[in-house]
Amino acid sequence: MKPYIHNVNYYETDKMGITHHSNYIRFMEEARLHFLAQAGYPMQRLEAEGITSPVVSLHCNYKRPTTYGDKIAITVTVTGYSGVKLSLSYVMHNEAGQVVATADSDHCFLDEAGRVIALRKHAPGFHAILKQALEGQS
C-alpha cells in the first residue's frame, strides 16, 4: 500500500507556527480512508453495504513538530483483526524521512441499526482483505 501524503495547511498550525496536535487525528482518518480505498473498500462502498466503522480508541505519540507546507507521509498497517475489531498503526514521516508521529487506533464494525457485526458474515470480501493484510504483517 502506498503511503498517504498530507500537505500541512496554514490553518492547521497554531500561533507558534506548529501543526496543532488535534490535526494529526484528522490526518490519520484521511490516511485510513486512503488505505481502505487502496484495499478496494472505500468508505462509500462500506456505507452502501450498510456498514460503519467508528473509532473506539486512539493513541498518538508526537515525535517532531511539523509546520505549514510540510509534507507528511502516513503509512497505515493492520496490526490486529478479529473479524469484529480492527487495529491499525500509523507512522508519519516528514520529507527528510524523520518520524514526526506514531499512532494506533481501534475500530469496530456496525450495521445500520448500530449493532456490532462480524465482517465474515456481512462483508466476506472485506473480511478476506483485512485478514490478508494482517497476515502480511506477520
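Our structure is the block above this text.
This structure is a prediction, so every number in the text was calculated from the model and none was measured.

A. Here's a closer look at the pattern of salt bridges. Per the stated rule, a full pass over the model turns up three salt bridges. Arg 45 serves as the salt-bridge partner of Glu 49, at 3.2 Å between the closest nitrogen and oxygen. Under the relative-accessibility criterion, Glu 49 is labelled partly exposed at 36%. In this structure Arg 45 comes out as partly exposed when scored by relative accessible area, which is 37%. A salt bridge links Asp 111 to Arg 115, with the nearest nitrogen and oxygen atoms 3.1 Å apart. The buried category is assigned to Asp 111, whose relative accessible area is 15%.

B. How the structure looks around the packing of aromatic side chains. In the structure shown here, the tally under the stated rule is five aromatic pairs. Measuring from centroid to centroid gives 6.0 Å for Phe 109 and Phe 126, while their planes differ by 90°, and the two rings are edge-to-face. Here Phe 126 lies in helix H4 (residues 124–135) and Phe 109 lies in the loop between strand E5 (99–108) and helix H3 (119–122), a separation of 17 residues in the sequence. Taking relative accessible area as the criterion, Phe 126 reaches 1% and is therefore assigned buried.

Conventions used here
- Residue numbers restart at each chain and count upward from 1, following the sequence in its written direction.
- Where totals are concerned, whole chains, interfaces and linings use all residues; where local detail is concerned, this predicted model gives features only for residues with pLDDT of at least 70, and gives and counts side-chain atom pairs only at 80 or more.
- Excluded from the side-chain calculations are hydrogens and water; all other atoms, namely the structure's heavy atoms, are used.
- The working definition used for a salt bridge is a side-chain nitrogen of Lys or Arg within 4 Å of a carboxyl oxygen of Asp or Glu.
- Here the term buried applies to any residue with accessible area under 20% of the maximum for its type, exposed to any over 50%, and partly exposed to those in between, with areas from a 1.4 Å probe on protein chains only.
- Note on aromatic pairs: the rings of Phe, Tyr and Trp (six-membered ring only in Trp) are paired at centre separations within 6.5 Å, and the planes decide the class, stacked below 30 degrees, edge-to-face beyond 60, tilted for the rest.
- Helix numbering and strand numbering both begin at the N terminus, where a helix is a DSSP run of H or I of at least 4 residues and a strand a DSSP run of E of at least 2.

Such coordinate-based values are descriptive only and should not be taken to indicate function.
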